[in-house]
Amino acid sequence: MTSAATVSAGSDPERTTDAGPAGPPVASPGDLLRRLRQRHPADPVTHVERVPPRAGTTAPWPSWTPEDLRAAYARRGVTAPWRHQAEAASLAYDRRHVVVATGTASGKSLAYQLPALATLLADPRATVLYLAPTKALAADQLRAVAALEIEGVRPACYDGDTPRAEREWIRRHSRFVLTNPDMLHHGILPGHAQWSGFLRRLAFVVIDECHVYRGVFGSHVAHVLRRLRRQCARYGRTGGPTFVLASATSGDPAAAAGRLTGLPVTAITEDTSPRAGVTFALWEPPLLPPEPSAAAAGSPSPSAAAVVLPEQGGHRAAGDTPPMPAPRQESPTGSDLTQVRRSALRETADLLADTVAAGVRTLAFVRSRRGAEVVATSARRSLDEAVPGLGDRVAAYRGGYLREERRELERALLHGDLLGLASTNALELGVDLIGLDAVVICGYPGTRASLWQQAGRAGRSGQEALAVLVARDDPLDTYLVHHPEAVFGAPVEATVLDPANAYVLGPQLACAAAEAPLTPADLELFGDGAKQAVRELVEAGALRQRPTGWYWRHRERPEVDLRGEGGTPVCVVEAATGRLLGTVDGGSAHFLLHPGAVYLHQGVSYVVDSLDLDDGCALVHPEEPDWSTHARDVTSLSVVSVRSYVDAGPVGLFLGEVDVTSQVVSYQRRRIATGEVIDTRPLDLPARELRTVAVWFTLSPESLLVAGVDPADVPGALHAAEHAAIGLLPLVATCDRWDIGGLSTAVHPDTEAPTVFVYDGHPGGAGFAERAYGMAASWLRATRDAIAECGCESGCPSCVQSPKCGNGNNPLSKPDAIRVLDVVLDNLPEVARV
């Protein structure tokens, strides 16, 4: 993260290495874009946006800045702070909680470093706690703080990678501890007695990239921070620590930061740092010629009108489900033809290879771990064919690697040994990436905040940059590349989190009670719903009420997963050698590590022999098959209760609790070259259950008949509307497609009517369904328009087909989906259109 103003606005004060040129770069981002577009007979670029450069505005150093600290920044090339840095730092130094919500590379790090380090210099006993959502960001910030060489600070990372031999030293001697919410939750707070001295003197809590803390994860972190404040008060920290938060540009950052911390927070939102110009292109991969397909044999056939047609979400890691097979369309002659748009993964791999070959430092963001591996492998292969050995300068970066692999990749990136990188969003955050020239984004990342964060990785040393958004075959991506005003003209989303979520609040109160008995004053700290949650914990036998408070009754601590990733990670082990290759979170193991699955690791392919969920271990062997694997799941849903509803005559709109049961039942093997389905193989994996919040709408059969939807076509009409509605929900709620699930049926037993459900893919809900209910008309209008404006005749992945459909995208009816949504929109009252 760039620190502050420098002598030259285009220089970077935190850049400590000189990677050297990789080759003769192209003259400008515009020249590079023209070269990339020439590969296609039909221009794949639907829009080019020019983001102009901006000059910076500096401010004097605050009067309280110690001379030693000014000198340290001067050694790093920083002569004065930007105005927004000085304003935020002064508020924090005056013990006012503050959030800095400015653009990428705007120097948010100095806004919290300056007051924190000044306090450490003024008070030799004071301490600082820094929280980052990723280990890579914490390691990057450790390098930045250590490089200032402030005597007596002794900064150190304390996370799951920290050797146990070093942890005692850090607890006793470090005054600037960098960690993550998970370690605070699992390690520091449960062991608070060992941290009593640190917590008693805690002056600042820095929460970096706080916009990441949304949904269920954000709600959990909100209570972890309340538990931290509670322990600081117990150890005598008068008034508690000052919170300084750094955020990407977001809607209403002060309110979001207030919900996160439970404290009043002042927002600094005017970005006064300089910004290089960015050329931002929207890129839609071209359609390939239709070819006869043998894949039809692998698709299920539609059943009766009441068939349940789910799109599952939530139990897997975001984006980790493989891409869908080639879309199927019926030709006029009745023969089965497949017309596919070139996949975004292949297009991204080619763009990465082309930019690297042109000597352009490039980062490609890919939504899934498997996708990052595929893009890196394909780019390496293409580069080695052109210039043997050049492929070695491209790598993949994702979660699940061992610590040593992550550190080596970070070192190679920092020193310029790598020229191209295909990464998941693990590198989206504020890590300084040594002056990248271009960013390729494979698929819309789910929010405009993330989109601009990823695009902002390029041009970080002040030079002009290129950003390219490559659209996936997805209704939202297609909508955005053909509606650039939704990308460049719309405000950034607000961060959604709900600390009152009972499925979060109860477990977090249990954790707090395990750390120290709860008191009535503590319940005020934890906010609305705490008293009811404590009563339920007492009734469940988890807490015991005594005159002095509520006590945890069990010897073991509560098991609470902050990130909702489905439990303990599963280790991936090479069967012949016993070598640990990496890990996969428990929620994704059913999809990625089932027996027979193909698992990729740094370009090497393995096939899973067995999966032991109880022991958390998958055994694999190396193999290079010519096929990929794609898990299939089935879902059922029952209504538990209704919170709110709108009676609109033939249409009903509902919000309430539902129970969702899902199970991975089979997997397809598909030819890598063609996408052809080889076969479908059964699996015997346990079912998983989820109670969550859903929004759903019902229609009367008569209204559908009047609208021209034949009863036999109702399942396909509802199914297509469900897919598209899920794809467009991120327009109105801070989520992405993988946070939510859906189900549609021509006759649901609980509603006794044609119904479409869309539900939050997290226990207890995450606020997405509530947002969809409140914005129903806007959401469904955008859904209807996206389907109607798609150029296909009978439906495709760009409008109504889903990459994670549990029913093989069959049946689907594009024209009838438009009729269904017209019925809903025509009947919703004005109150539902707000």
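Thresholds, definitions, all that
- Residues numbered from 1 in each chain as written.
- Predicted model: local features only at pLDDT ≥ 70, side-chain atom pairs only at ≥ 80, totals over all residues.
- Heavy atoms only, no water.
- Helix = DSSP H or I, 4+ residues; strand = E, 2+ residues; numbered from the N terminus.
- Buried < 20%, exposed > 50% of the residue type's maximum accessible area, 1.4 Å probe, protein only.
- Contact = heavy atoms within 4.5 Å.
- Areas by Shrake-Rupley, 256 points an atom, 1.4 Å probe, with all protein chains shown as cover.
- Pairing = 2+ DSSP bridges.
- Axes fitted to C-alpha atoms, helices over the stretch in contact; angles between N-to-C directions.
- Parallel < 35°, antiparallel > 145°, perpendicular 65-115°, else oblique.
- Left-handed = near helix turned anticlockwise from the far one by under 90°.
- Expected span 1.5 Å × (residues − 1).
- Salt bridge = Lys/Arg side-chain N within 4 Å of Asp/Glu carboxyl O.
- Phe/Tyr/Trp six-rings, centres within 6.5 Å; stacked < 30°, edge-to-face > 60°.

Caption draft 1: Summary view of the overall build of the chain. Broken down by element type, the chain carries 25 helices and 33 strands. The buried share of the chain, reckoned over its 834 residues, is 60%. For the chain, restricting intrachain contacts to residue pairs at least 6 apart in sequence, the fraction spanning at least 24 positions comes to 75%. Surface exposure of the chain reaches about 30,700 Å², of which carbon and sulfur atoms provide 52%.

Caption draft 2: Geometry of the sheet that holds strand E5 (residues 127-131). Sheet architecture is open: seven strands sit in the order E6-E7-E5-E8-E9-E4-E10, paired in parallel fashion. The open sheet terminates on both sides in strands that have one partner only, identified here as strand E6 (155-157) and strand E10 (266-268). Across the sheet, the mean angle from the axis of one strand to that of its neighbour is 15°, orientation sign disregarded. Relative to E10, strand E4 (residues 98-101) runs parallel, the two sharing three bridges. Across the sheet, residue Val99 finds its bridge partner in E10, namely Ala267.

Caption draft 3: Looking closely at the packing of helix H5 (residues 135-147) against helix H13 (residues 403-414). Put simply, H5 and H13 touch, their axes get as near as 12 Å, and they point 50° apart. Here H5 lies oblique to H13, going by the angle between them. For the pair H5 and H13, the sense of crossing is right-handed. Where H5 abuts H13, its residues Lys135, Ala136, Ala139 and Arg143 lie against Arg406, Glu410 and Leu414.

Caption draft 4: H13, seen in detail. Its twelve residues place the ends of H13 16 Å apart at the C-alpha level, agreeing with the 16 Å of an ideal helix rising 1.5 Å per residue. Taken as a whole, H13 has its buried residues at Arg406, Leu409, Glu410, Ala412, Leu413 and Leu414. Looking at the buried side of H13, the elements it contacts are H5, strand E17 (394-397) and strand E18 (420-423). Directly beyond the C-terminal end of H13, a positive phi value near 80° is found at Gly416.

Caption draft 5: Spatial organisation of the pattern of salt bridges. Summed over all chains, the structure comprises 28 salt bridges. Where Arg54 meets Asp271, a salt bridge forms, and the shortest distance between an N and an O atom there is 3.3 Å. Of this pair, Arg54 sits in the loop between strand E2 (45-51) and helix H2 (67-75) while Asp271 is found in the loop between E10 and strand E11 (278-283), placing the two residues 217 residues apart along the sequence. Owing to a relative accessible area of 27%, Arg54 belongs among the partly exposed residues under this scheme. For Asp271, a relative accessible area of 17% puts it in the buried group. Of the charged contacts in the structure, one is a salt bridge between Glu87 and Arg83, with a shortest N-O distance of 3.8 Å. Of this pair, Glu87 and Arg83 both sit in helix H3 (residues 83-93), four residues apart, roughly one helical turn. Given a relative accessible area of 36%, Glu87 falls into the partly exposed group. Judged by relative accessible area, Arg83 falls into the partly exposed class, the value being 27%. Look at the salt bridges and you will find they share partners, linking Arg39, Arg342, Glu347, Asp350 and Asp354 into a network.

Caption draft 6: Representation of the packing of aromatic side chains. Taken as a whole, this structure holds twelve aromatic pairs when the rule is applied. Ring geometry for Tyr112 against Tyr130: centres 5.9 Å apart, planes inclined by 50°, an arrangement best described as tilted. Here the residue Tyr112 occupies a position in helix H4 (residues 108-122), and Tyr130 occupies one in strand E5, the gap between them amounting to 18 residues. Accessibility assignment for this pair places Tyr112 and Tyr130 in one class, buried.

Caption draft 7: Seen up close, the sheet that holds strand E26 (residues 604-612). One open sheet accounts for five strands, arranged E24-E23-E27-E26-E25; its pairing is mixed. Edge positions in the open sheet fall to strand E24 (580-584) and strand E25 (598-601), since each of these has one partner strand only. Adjacent strand axes in the sheet meet at a mean angle of 35°, parallel and antiparallel pairs treated alike. The sheet contact formed by strand E23 (residues 570-574) and E24 spans four bridges and is antiparallel. Opposite Cys571, over in E24, you have Thr583 as the bridge partner. With respect to the sheet, helix H12 (residues 369-386) is in contact with E24 and E25, its orientation differing from that of E25 by roughly 65°.

Such coordinate-based values are descriptive only and should not be taken to indicate function.
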